[in-house]
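# Structure assessment
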Amino acid sequence: MKILAIDTATEACSAALYIDGELTSRYQLAPRQHSQLILKMIDDLLAEANTTVTDLDAIAFGRGPGSFMGLRIAAGVVQGIAFAYDIPVVPVSTLKAIAQRAYEETGINQVMVAIDARMQEVYWCPYRINHQQWLPDGEEQVIAPGKIDVAEILARYEEPWVGAGTGWGSYADSLLSANRFQLHTILAECLPSAEAIAKLAVKQFEAGHTVSAAEAIPVYLRNDVARKPKPIVL
Amino acid sequence: MIVLGIESSCDETGIALFDSEKGLLAHTLHSQVALHAQYGGVVPELASRDHIRHLIPLIEQVLQDAGIEKTTLDGIAYTAGPGLIGALMSGAAVGRSLAWSLGIPAVEVHHMEGHLLAPMLEEDTPEFPFVALLVSGGHTLLADVKALGQYELLGQSLDDAAGEAFDKTAKLLGLGYPGGPALAALAEHGDPGRYRFPRPMIDRPGLDFSFSGLKTFALNTMQRTAKEKIDDGGLARQDKADISLAFEEAVVDTLKIKCRRALEQQQCKNLVIAGGVGANKRLRAALSEMIGELGGELYYPRVEFCTDNGAMIAQVGCFRLMAGETQPLEIDARARWSMQDLKVL
């Protein structure tokens, strides 16, 4: 099985190629340079593996949440590549990708993921592994950190939790109610990666969770992005 | 050579197929006007989100309309600027990646060059050199088109574009958004001579424009008239029609004076009108009359190619690809891009 994965949802820009259990990848912290880097990363990976686009079984991408522009770059690139040969697309949650990376780093299979969404909010979802599958605890959402009840989540599960994502760097005080309780580890610099997305995509692909090129659309979570104008009064 | 063209610089997704031998093969457009109307103007983030939803289905549609397999395309052209960066990036990402995936060249197209050469999509094609007036909701400029890729910017708006002034004034008159065409329709019922609006910057040398003052002048006129008629129920429909007419006359007259000045300065007889406001009847009539006096020819593309469209991008892309221009393996888009930086073909 051959799966190409890309992610440009955050400051990190990455691409990964999964071929029958083996992964190769490129990963670079490059804010605002994703559009210049991503195609070269993909081109390099395929050339290195001596493979071509037509050999791919699926293309995966970090579908969000994250930077709006970054999400559209990834979606646009995937749409263009997949459309050429009607290759199936696997959209993968960037929050789940962060959970996967945090799990690989700590071995702890319960991760509260928070990406700094600016405007005093985070993209948020706790993820936990159950029967070898990542399950969200509630829906992914954009929410003010003060409205998240971390204590309530801790009370429901006995096992330890990790906090991961840039939201923990910006809002740890608020999320942990000024240290009245603690998590096992906090990985505030954990960003999504194409490697993690590729691994998650293999399972989603095997489960038949794919879409067409035209359906490779970002999940923004924040949808109130425009204000209605006030009427002009003479 | 068959080229796929992608336009996504503002609030329309335009896709077309252009053949170097046969000309335009197919084109389609998705307009976002209804999406932005409730906000009284284009919301860039919503525009970008809409482009990324519509690009692939529209590409599928033109391929089907023309009976062309995607694997037989020879090149892909997309608007890389100027425009809304997020909107441009959506089209550029899809276009550049599709070209890479198919193993064919990609080329960036300057949105304005697309407009300037849009009359070449028609049978009656202007010969070089000509002066072009590009007048739309986003731009108002005069350019000397000497040859393919060789453009001299003669003048441009220092503030609002003419179409923007139309839309903003229409909004003040309560004609909705985008209200430019509604204002022009209402002006048909106007009483000429009741109001006279200034012709901005005509007594100064040069070919630059300024239209933002006209909208303020319209507001002041509306307020004054409303006050005078406070006992008769304020501003009536006829008052609005009269103001619309006076406003339109001022814009058209100003454009005509500057076009004439440009033609005389460049010692050129042929004028091309492009851009959405180029569809305005009063403007076409006034420019036609002026060109008649000069003994020249007036050219304009059909209305659907006056406004943003994929056909003009596919055409310029084909010209540039034929000349050997190609885009490296990078997705690039820029909000600002000077036309004078373009390569001469």
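Presented here is an overview of the structure given in this document.

About the thresholds
- Residues numbered from 1 in each chain as written.
- Chains lettered and ligands numbered in written order.
- Predicted model: local features only at pLDDT ≥ 70, side-chain atom pairs only at ≥ 80, totals over all residues.
- Heavy atoms only, no water.
- Pairing = 2+ DSSP bridges.
- Helix = DSSP H or I, 4+ residues; strand = E, 2+ residues; numbered from the N terminus.
- Contact = heavy atoms within 4.5 Å.
- Buried area = accessible area lost by both parts, 1.4 Å probe.
- Salt bridge = Lys/Arg side-chain N within 4 Å of Asp/Glu carboxyl O.
- Polar contact = N/O pair within 3.5 Å; in protein donor to acceptor, adjacent residues only side chain to side chain.
- Nonpolar A, V, L, I, M, F, W, Y, C, P; charged D, E, K, R; others polar.
- Buried < 20%, exposed > 50% of the residue type's maximum accessible area, 1.4 Å probe, protein only.

Residue and element names in this part refer to chain B. Pairing within the open sheet is mixed, and its 5 strands lie in the order 8-7-6-9-10. Each edge of the sheet is formed by a strand with only one pairing partner; in this case those strands are strand 8 (150-156) and strand 10 (298-299). Across 6 bridges, strand 7 (residues 140-147) lies against strand 8 in antiparallel orientation. By the bridge assignment for strand 8, Ala 147 is matched with Gln 150.

In many analyses, interface size is given as the accessible surface area lost on bringing the parts together. In this assembly, 39 residues from chain B lie in contact with 36 residues from chain A. Roughly 3300 Å² of surface becomes buried between chain B and chain A when both sides are summed, with 70% attributable to carbon and sulfur atoms. When residues of chain B are sorted by the area they lose upon contact with chain A, Arg49(B), Ile52(B) and Trp100(B) head the list and together hold 21% of the total. For the salt bridge of Glu45(B) with Arg72(A), the shortest nitrogen-to-oxygen distance reads 3.0 Å. Taken together, the connections running from chain B to chain A amount to 11 residue pairs in polar contact (both at pLDDT 80 or more). Mapped onto the side of chain B that touches chain A, the elements with two or more residues apiece are helix 2 (44-66), helix 3 (85-102), helix 5 (162-172) and helix 7 (212-228) of chain B. With 12 residues, the single largest contributor to the side of chain B that touches chain A is helix 3 of chain B. Here the residues of the side of chain B that touches chain A sort into 21 nonpolar, 9 polar and 9 charged.

Turning our eyes to something else, we now look at the pairing of strand 7 (residues 122-130) of chain A. Residue and element names in this part refer to chain A. Of all 9 residues making up strand 7, 7 are buried, and the element is well covered by its neighbours. Counting the residues in the hairpin turn of strand 6 (residues 110-116) and strand 7 gives 5 residues, including Arg 118, whose phi is positive at 60°. Bridge analysis of strand 7 against strand 9 (residues 141-143) gives 3 bridges, and the strand direction is antiparallel. Looking at strand 9, one finds that Trp 124 is bridged to Gln 141. Here 4 bridges tie strand 7 to strand 8 (residues 133-136), and the two strands are oriented antiparallel to one another. Bridging from a neighbouring strand, Arg 128 pairs with Leu 135 of strand 8.

Residues and elements named next belong to chain B. Under the definition given, this model contains 33 salt bridges over all chains. Between Asp 144 and Lys 146 there is a salt bridge; the shortest N-O distance is 3.6 Å. The exposure class assigned to Asp 144 is buried, which follows from its relative accessible area of 5%. On the basis of relative accessible area, Lys 146 is assigned to the partly exposed category, the value being 32%. The structure contains a network of salt bridges with shared partners spanning Asp 160, Glu 164, Lys 168 and Lys 215.

Geometric values such as these leave the question of function open.
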